[in-house]
Amino acid sequence: MRESRKIIAAKFNEDGNVGETKICVRCKRMFTYLGYGHFYCPMCRKADEEDFLKVKNYIYEHGTAPAMEVSENTGISLERINQYLREGRLEIPENSPIFIKCEMCNVDIRSGRLCPDCASKLSHAMRIKMDFDDEQIGPVPKKLIGKMRFIKNEK
Ligand SMILES: [Zn+2]
Ligand SMILES: [Zn+2]
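Described in the following lines is the structure provided in the data block. Remember, it's a predicted structure, so these values are computed and weren't measured experimentally. In this numbering scheme, every chain counts its residues from 1 along its sequence in written order. Chains carry letters and ligands carry numbers; both start at the beginning, A for chains and 1 for ligands, and go up in the order they are written. Local features in this predicted model are restricted to residues of pLDDT 70 or higher, and side-chain atom pairs are both shown and tallied only at a pLDDT of 80 or more, whereas totals for entire chains, interfaces and linings draw on every residue. The side-chain figures draw on all heavy atoms in the structure; neither hydrogens nor water molecules are used.

1. Here we look at the pattern of salt bridges
Applied cut-off: Salt bridges are defined by distance alone: a side-chain nitrogen of Lys or Arg within 4 Å of a carboxyl oxygen of Asp or Glu. Put simply, DSSP marks the helices as runs of H or I at least four residues long and the strands as runs of E at least two long, and each gets a number from the N terminus on. For each residue, the accessible area found with a 1.4 Å probe, counting protein chains only, is set against the maximum for its type, and the residue is called buried under 20%, exposed over 50%, and partly exposed in between.
In this structure the tally under the stated criterion is 13 salt bridges. Across the pair Lys22 and Asp131 runs a salt bridge whose closest N-O atoms are separated by 2.5 Å. Of this pair, Lys22 sits in strand E1 (residues 20-23) while Asp131 sits in the loop between helix H5 (124-130) and helix H6 (142-154); the two residues are 109 residues apart in sequence, bridging distant segments of the chain. Overall, the relative accessible area of 10% leaves Lys22 in the buried class. Linking Glu94 and Lys142 is a salt bridge whose minimum nitrogen-to-oxygen distance equals 3.7 Å.

Structure (structure tokens):
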């Protein structure tokens, strides 16, 4: 049987370790993650890049826009746009009335999953457990920092 002669090899990532099994954020199928990029399986990677480009181009052409408007005009779901924000591929501009929250302390951040403070407290083991990378550190909006300073000065 030809099939039995098929040769297989384990996949290795940059560190020389066998790639981890991850769930693709897009199609929810399991795939071998090779230790770089976002958690998309090879099948979704291309489609994802095309979708992301639609969102990016829309923003380039129209300037900053509400997520809902971007979603309606590009056909990309709000859920996916939110995913891009969490991955640190998109960010919320300073003048937005609404931001996303740090997953740990709930402070407003403009992109990613954690504020710089919480990210700096993460141990290496925690980073691995949370699948967290530096791109997911989100800046805290300046006006919030300003506001906090203002309140402090008044006291
Ligand atoms: Zn996939
Ligand atoms: Zn935080």
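On we go.
2. Some details on the coordination of the zinc ion (ligand 1)
What counts, and what does not: Donor criterion used throughout: N, O or S atom within 2.8 Å of the metal, extended to 3.2 Å for Na, K and Ca. Water excluded; incomplete-looking sites may result. Note on geometry labels: four donors, all angles 85 to 135 degrees, give tetrahedral; four donors become square planar and six octahedral when opposite donors are over 155 degrees apart and every other angle is between 65 and 115; remaining cases are irregular.
At the metal site, the zinc ion (ligand 1) is ligated by Cys24 (SG), Cys27 (SG), Cys41 (SG) and Cys44 (SG), and these contacts range over 2.3 Å. Coordination at the zinc ion (ligand 1) comes from 4 donor atoms whose angles at the metal span 106 to 116°, giving a geometry best classed as tetrahedral. Coordination of the zinc ion (ligand 1) draws on donor residues from a single chain, spaced C-x2-C-x13-C-x2-C in sequence. In this pair, the class of Cys41 matches that of Cys44, namely buried.

3. Examining the packing of helix H1 (residues 42-62) against helix H2 (residues 67-74)
A pair of packed helices can be characterised by two numbers: the angle between their axes and the separation between those axes. Threshold: Fitting a line to C-alpha atoms yields each axis, with helices limited to the stretch in contact; the angle taken between N-to-C directions then spans 0 to 180 degrees. Each helix crossing is assigned a hand: it is left-handed if the near helix lies turned anticlockwise from the far helix by less than a right angle, otherwise right-handed if that turn is clockwise. Should any heavy atoms of two residues lie within 4.5 Å, those residues are considered in contact. Here the term charged refers only to Asp, Glu, Lys and Arg, the term nonpolar to Ala, Val, Leu, Ile, Met, Phe, Trp, Tyr, Cys and Pro, and the term polar to all other amino acids, Gly among them.
Contact geometry of H1 with H2 gives a least axis separation of 10 Å together with a crossing angle of 115°. Here H1 and H2 pass one another in a crossing that is right-handed. Residue-level contacts link Lys54, Val55, Tyr58 and Ile59 of H1 to Glu69, Val70, Asn73 and Thr74 of H2. Class assignment of the residues belonging to the contact of H1 with H2 gives a composition of 4 nonpolar, 2 polar and 2 charged.

4. What about the layout of surface pockets?
Rules: The rule is simple: put a 1 Å grid over the protein atoms alone, call a set of points where a 1.4 Å probe fits but cannot get out a cavity, call an open set with protein on both sides within 12 Å along at least five of seven lines a pocket, and count a residue as lining if it has an atom within 4 Å of a point. Grid points are joined across faces, edges and corners, and a volume is the space filled by probe spheres set on the points.
Estimates place the volume of the largest pocket at around 640 Å³. Ala65, Ala67, Leu85, Ile92 and Pro93 are the residues nearest the centre of the largest pocket, which is lined by 25 residues in total. Counting only elements with at least two residues in the lining of the largest pocket, the list comes to H1, H2 and helix H3 (78-86).

5. Structural notes on the nonpolar core
To keep it simple, the criterion reads: Throughout, nonpolar core names a set of buried Ala, Val, Leu, Ile, Met, Phe, Trp, Tyr and Cys residues whose side chains join them through atoms within 4.5 Å.
By size, the foremost hydrophobic cluster in this structure holds 28 residues, and its most contacted members are Val55, Leu90 and Leu114. Setting aside anything within four residues of it in sequence, one finds Leu114 in contact with Cys102, Glu103, Met104, Ile109, Ala119, Leu122, Met130, Phe132, Gln136, Ile137 and Gly138.

6. Observations regarding H3
As a reminder of what qualifies: The directions from the helix axis to the C-beta atoms form the arc being described.
Within H3 the residues assigned to the buried category are Ile81, Tyr84 and Leu85. With its buried residues spanning 105° around the axis, H3 presents them on a single face.

7. Let's talk about the pairing of strand E2 (residues 30-33)
Test applied: For two strands to be treated as a pair, DSSP must find no fewer than two bridges joining them.
Note that E1 and E2 share 4 bridges and pair antiparallel. Residue pairing across strands places Lys22 opposite Phe31, the latter belonging to E2. The loop that links E1 with its antiparallel partner E2 comprises 6 residues; one of these, Lys28, has a positive phi angle of about 65°.

8. Things to note about the coordination of the zinc ion (ligand 2)
For the zinc ion (ligand 2), the full set of protein donor atoms is Cys102 (SG), Cys105 (SG), Cys115 (SG) and Cys118 (SG), at a range of 2.3 Å. Along the chain, the residues that donate to the zinc ion (ligand 2) are spaced as C-x2-C-x9-C-x2-C.

9. Notes on the side chain of Asp108
To keep it simple, the criterion reads: In protein, a polar contact means a hydrogen-donor-capable atom and an acceptor-capable atom, both N or O and within 3.5 Å, with residues adjacent in sequence counting only if both atoms are side-chain atoms; elsewhere, any N or O pair within 3.5 Å suffices.
Checked against the element boundaries, Asp108 lands in strand E4 (residues 108-109). Polar contacts involving the side chain of Asp108 include one to the side chain of Lys101, which spans 2.8 Å.

10. Points about the side chain of Arg110
Within the fold, Arg110 resides in the loop between E4 and helix H4 (116-121). A polar side-chain atom of Arg110 sits 2.9 Å from a polar atom in the side chain of Glu91. Of note is the side chain of Arg110, whose polar atom sits 3.2 Å from the side chain of Glu94. Setting aside its immediate chain neighbours within four residues, Arg110 contacts Leu85, Leu90, Glu91, Ile92, Pro93, Glu94, Phe99, Ile100, Pro139 and Pro141.

The values are spatial; any link to function lies outside them.
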